[in-house]
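These are the residues of each chain, in order.
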Amino acid sequence: MTDAIAFLHTAQVHVPTFERLTREIAPELEVRHLVREELLHEARASGIDNPKLAGRVHDAMREAASDGAAVVACTCSTIGGIAEKTATGGAFTAQRIDRAMAERAVRAGPRVLIAAALESTLEPTTALILSTAAQAGAGVKPSVLWVEEAWPYFEAGDTARYIETLAKAIRTAAVAADAVVLAQASMAPVAHELADLGIEVLASPATGVAHAVATLRASRTAWAAQASAFASPAARATPI
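Attention in this report is confined to the structure presented alongside it. (Residues numbered from 1 in each chain as written. Predicted model: local features only at pLDDT ≥ 70, side-chain atom pairs only at ≥ 80, totals over all residues. Heavy atoms only, no water.)

As for the sheet that holds strand 6 (residues 141–146)
Item 1. The four strands are arranged 6-5-7-8 in an open sheet whose pairing can be described as parallel. Since the sheet does not close on itself, it has two edges, and those belong to strand 6 and strand 8 (200–202), each with one partner. Here the strands of the sheet are splayed against their neighbours by 20° on average, with no regard to which way each runs.
Item 2. With three bridges connecting them, strand 7 (residues 179–182) and strand 8 associate as parallel partners. Within strand 8, the position partnered with Val180 by the bridge is Val201.
Item 3. Packed onto the sheet, helix 5 (residues 99–108) meets strand 5 (111–116), strand 7 and strand 8 and runs at close to 160° relative to strand 8. (Pairing = 2+ DSSP bridges. Helix = DSSP H or I, 4+ residues; strand = E, 2+ residues; numbered from the N terminus. Axes fitted to C-alpha atoms, helices over the stretch in contact; angles between N-to-C directions. Contact = heavy atoms within 4.5 Å.)

Description of the packing of aromatic side chains
Item 1. In the structure shown here, the tally under the stated rule is four aromatic pairs.
Item 2. Look at Trp151 and Phe154: their rings are 4.5 Å apart centre to centre, the planes differ by 25°, and that puts the pair in the stacked class. Separated by three residues within a single helix, Trp151 and Phe154 lie in helix 7 (residues 151–155), roughly one turn from each other.
Item 3. Its relative accessible area of 19% is what places Phe154 among the buried residues.
Item 4. Judged by centre distance (6.2 Å) and plane angle (70°), the ring pair of Trp151 and Tyr162 falls under edge-to-face. Linking Trp151 in helix 7 with Tyr162 in helix 8 (residues 159–173), this pair joins segments that are 11 residues apart in sequence.
Item 5. The exposure class of Tyr162 is buried, given its relative accessible area of 0%. (Phe/Tyr/Trp six-rings, centres within 6.5 Å; stacked < 30°, edge-to-face > 60°. Buried < 20%, exposed > 50% of the residue type's maximum accessible area, 1.4 Å probe, protein only.)

Describing the sheet that holds strand 2 (residues 30–35)
Item 1. Strand order in the open sheet formed by four strands is 2-1-3-4, and the pairing between neighbours is parallel. Strands at the two margins of the open sheet, each flanked by one partner only, are strand 2 and strand 4 (93–96). Recorded for the sheet is a direction-independent mean angle of 20° between the axes of neighbouring strands.
Item 2. Bridge analysis of strand 1 (residues 4–9) against strand 3 (residues 71–74) gives four bridges, and the strand direction is parallel. Counted as the bridge partner of Leu8 is Cys74 from strand 3.

Notes on helix 6 (residues 119–136)
Item 1. The terminal C-alpha atoms of helix 6 lie 27 Å apart, and with 18 residues this matches the ideal 26 Å at 1.5 Å per residue to within 8%.
Item 2. Of the residues making up helix 6, those classed as buried are Ser120, Thr121, Leu122, Pro124, Thr125, Thr126, Leu128, Ile129, Thr132 and Ala133.
Item 3. Tucked inside the fold, the buried residues of helix 6 contact helix 2 (37–46), strand 4, helix 5, strand 5, strand 6 and strand 7. (Expected span 1.5 Å × (residues − 1).)

Structural notes on the packing of helix 5 against helix 6
Item 1. With their axes 9 Å apart at the nearest point, helix 5 and helix 6 run at an angle of 60° to one another. Here helix 6 runs oblique to helix 5, going by the angle between their axes. As for the relative orientation of helix 5 and helix 6, their crossing is right-handed in sense. For the pair formed by helix 5 and helix 6, the contact residues are Arg99, Ala102, Glu103, Ala105 and Val106 on the first element and Leu128, Ile129, Thr132, Ala133, Gln135 and Ala136 on the second.
Item 2. Here the residues of the contact of helix 5 with helix 6 sort into seven nonpolar, two polar and two charged. (Parallel < 35°, antiparallel > 145°, perpendicular 65-115°, else oblique. Left-handed = near helix turned anticlockwise from the far one by under 90°. Nonpolar A, V, L, I, M, F, W, Y, C, P; charged D, E, K, R; others polar.)

Looking at the pattern of salt bridges
Item 1. According to the stated counting rule, one finds 14 salt bridges in the structure shown.
Item 2. Taking the shortest distance from any N to any O, the salt bridge between Arg23 and Glu19 comes out at 3.0 Å. Of this pair, Arg23 and Glu19 both sit in helix 1 (residues 14–25), four residues apart, roughly one helical turn.
Item 3. On the accessibility criterion, Arg23 (33% relative accessible area) is partly exposed.
Item 4. Look at Glu19 and you get partly exposed, because its relative accessible area is 22%.
Item 5. Close ionic contact of Arg217 with Glu28 constitutes a salt bridge, the shortest N to O distance being 3.2 Å. (Salt bridge = Lys/Arg side-chain N within 4 Å of Asp/Glu carboxyl O.)

Some words on the nonpolar core
Here is a general trend for soluble globular proteins: nonpolar side chains tend to be buried in one another's company.
Item 1. Counting 48 residues, the largest nonpolar core has Val72, Tyr162, Leu166, Ile170, Leu182, Met187 and Val190 as the members making the most contacts within it.
Item 2. Not counting residues up to four positions away in its chain, the partners in contact with Met187 are Ala115, Ala116, Ala117, Tyr162, Leu166, Ile170 and Leu182.
Item 3. Core analysis: the next-biggest nonpolar cluster, separate from the first, contains 16 residues, Ala26, Ala70, Val71 and Ala185 among them. (Core = buried A, V, L, I, M, F, W, Y, C linked by side-chain atoms within 4.5 Å.)

Written as structure tokens, this is what we have:
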């Protein structure tokens, strides 16, 4: 088994963030990145229910794993639900980066505010929160906040204005929330800006990377145990 994790991104800016997070948690692992910006553009233009988009997302996930990565995580929340359903043939584990965040959010309280700078992210993230809550037997009442004016700053590379605009809008809307979900990986720095809110402000990168690393390590342990059992004298003995 290859000790490698791969990430599928829809923006080049995410590469150093996920490289750093993985190195901090598991410096021994190989980290690979595949950037496909056109997948997000297509999702915004045609919607996430487009079969052709699904095929391209699945192909990208398999391409990301083609050098032997044991886990591939999609860091784009808009297409993450599609990516997670990639048929892997057992060759690797397909994940969405925001699932671990969703699991934490439904434990934080019933009133979950889902904030995004892209409208296309709200529907899949809300669906994830609701399905995660149902699986956990938790009653959750999600609300959504689309901070439309923030995204042009991200596209222009003005990270400071992007984070500032998001933080201001979320601070106002979070008054009636038990937890805030930052629906896009690019929004993670907002959590620091809102640390004084007194409620959990959840971002996907760190928790998602930790989950991906834990998955790889669990798979590696299971594989080693199977290999050891097969190599034991009892396993090799020819029955009479």
